[in-house]
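Fold and contact review
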Amino acid sequence: MWQAKTLELIAMHPLDSGELYQIVLQVWTDIFRSGIGSKPFQIGVDLFPAPQIMGFFLHELIPLELEQRYPTLWRRGQTSEEKDLIYIPDDTFSIEIKTSSSARNIYGNRSYAQVGAVSKKSKSGYYLAINFQKFAPKITEPQITQVRFGWIDHDDWLGQASATGQQARLSPAVERYKLLPLPIEK
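Residues numbered from 1 in each chain as written. Predicted model: local features only at pLDDT ≥ 70, side-chain atom pairs only at ≥ 80, totals over all residues. Heavy atoms only, no water.

**Quick look at the packing of helix H2 (residues 17-33) against helix H3 (residues 51-69)**
Relative orientation and spacing of two packed helices are given, respectively, by the angle between their axes and the distance between those axes. Running from amino to carboxyl end, H2 crosses H3 at an angle of 120°, the nearest separation of the two axes being 9 Å. In this view, H2 runs oblique relative to H3, as classed from their interaxial angle. Our pair here, H2 against H3, has a crossing hand that is right-handed. Where H2 abuts H3, its residues Glu19, Leu20, Ile23, Val24, Gln26, Val27, Trp28, Ile31 and Phe32 lie against Met54, Phe57, Leu58, Leu61, Ile62, Glu65, Leu66 and Arg69. Tallied by class, residues from the contact of H2 with H3 come to 13 nonpolar, 1 polar and 3 charged. (Axes fitted to C-alpha atoms, helices over the stretch in contact; angles between N-to-C directions. Helix = DSSP H or I, 4+ residues; strand = E, 2+ residues; numbered from the N terminus. Parallel < 35°, antiparallel > 145°, perpendicular 65-115°, else oblique. Left-handed = near helix turned anticlockwise from the far one by under 90°. Contact = heavy atoms within 4.5 Å. Nonpolar A, V, L, I, M, F, W, Y, C, P; charged D, E, K, R; others polar.)

Printed below as a string of structure tokens:
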């Protein structure tokens, strides 16, 4: 049931899932081809950033790529009240981007699971979930391991049992049926 609804929501989305998948892969490749500083230093050769930094690059560069391609349709979120990628004609199609070096899971911060909490932005909506390998002694060229897209509702997020826990997660069923692997075969 969830998977059929997710496919319907993805089909309604103005961004082609195949193009979205290609953009993720292109941006990941661009991160490793770019130089930083006057030398220039390269990620994966001279610099081996923590997963949070690699996720930050994806989080920032994917919206910039879409904004560059379609300046009248897409823009990067500019405030904490906005999703990460804004669809200018209709905010319903805006996208939240989540990244993780976990093999299969995506996480949010604690506020994603808090019921009744006043939130700066809606936690329900379209999500682009990207999992990638982290740098390790035998992994000097980390890869994207999966790219998923779908609709997550605010109440799909589960908080940690501890009141001070900082993480929210999704159930295996939500991850499987509400975030579908890209590209979607038509």
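That covers the picture; the talk isn't over yet.
**A look at the side chain of Glu65**
Within the secondary structure, Glu65 is located in helix H3. Accessibility expressed as a relative area gives 19% for Glu65, which makes it buried. A distance of 2.8 Å separates a polar atom in the side chain of Glu65 from a polar atom in the side chain of Arg69. Not counting the four nearest positions on each side in its chain, Glu65 is found in contact with Ile23, Gln26 and Val27. (Buried < 20%, exposed > 50% of the residue type's maximum accessible area, 1.4 Å probe, protein only. Polar contact = N/O pair within 3.5 Å; in protein donor to acceptor, adjacent residues only side chain to side chain.)

**Quick notes on the pattern of salt bridges**
Throughout the structure, instances matching the rule amount to 8 salt bridges. For the salt bridge of Asp156 with Lys178, the shortest nitrogen-to-oxygen distance reads 2.6 Å. One end of the pair, Asp156, is in the loop between strand S8 (144-152) and strand S9 (157-159); the other, Lys178, is in the loop between helix H4 (172-177) and strand S11 (179-181), and 22 residues separate them in sequence. You'll find Asp156 and Lys178 in the same group, each marked buried. Among the ionic contacts, a cluster of salt bridges with common partners joins Glu19, Glu65 and Arg69. (Salt bridge = Lys/Arg side-chain N within 4 Å of Asp/Glu carboxyl O.)

**A closer look at H3**
In this model, H3 (19 residues) spans 27 Å end to end at C-alpha, consistent with the 27 Å of a helix rising 1.5 Å per residue. Those residues of H3 that fall on the buried side of the exposure criterion are Met54, Gly55, Leu58, Ile62, Pro63, Glu65 and Leu66. One side of H3 carries all its buried residues, which in axial view fall inside an arc of 155°. With respect to the buried face of H3, the exposed residues turned more than 90 degrees away are Gln52 and Gln68. Residues of H3 that are buried sit in contact with H2, strand S3 (74-76), strand S4 (85-87), strand S5 (95-100), strand S7 (125-132) and S8. (Expected span 1.5 Å × (residues − 1). Arc of directions from axis to C-beta.)

**Concerning the sheet that holds strand S10 (residues 167-170)**
The sheet built from 3 strands is open, its strands ordered S6-S10-S9 with antiparallel pairing. Because the sheet does not close on itself, it has two edges, and the strands there are strand S6 (107-109) and S9. Neighbour-to-neighbour, the strand axes of this sheet turn through a mean angle of 40°, independent of strand direction. (Pairing = 2+ DSSP bridges.)

**Some remarks on the pairing of S10**
The alternating pattern of S10 places Ala168 and Leu170 on a buried face, while none of Gln167 and Arg169, on the opposite face, is buried. As defined by bridge partners, S6 adjoins S10 across 3 bridges and the pair is classed as antiparallel. Within S10, the residue paired with Tyr107 across the bridge is Arg169. Bridge count between S9 and S10: 3 bridges; the pairing is antiparallel. Residue pairing across strands places Trp157 opposite Leu170, the latter belonging to S10.

**Considerations on H2**
Count 3.6 residues to each turn of an α-helix, and residues three or four apart come out pointing the same way. Taking 1.5 Å per residue as the helical rise, H2 with its 17 residues ought to reach 24 Å, and the 24 Å between its terminal C-alpha atoms agrees with that figure. Buried positions along H2 lie against helix H1 (2-12), strand S2 (41-42), H3, S7 and S8. Near the N-terminus of H2, the side chain that reaches the backbone nitrogen of Gly18, with its oxygen 3.0 Å away, is that of Asp16.

**Brief notes about the packing of aromatic side chains**
Taken as a whole, this structure holds 11 aromatic pairs when the rule is applied. Aromatic pair Phe56 and Phe57: ring centres 6.1 Å apart, planes at 55°, arrangement tilted. Phe56 sits in the partly exposed class, given a relative accessible area of 45%. Connected via pairs of aromatic rings, a cluster forms that spans Trp74, Tyr87, Phe93, Tyr126, Phe149 and Trp151. (Phe/Tyr/Trp six-rings, centres within 6.5 Å; stacked < 30°, edge-to-face > 60°.)

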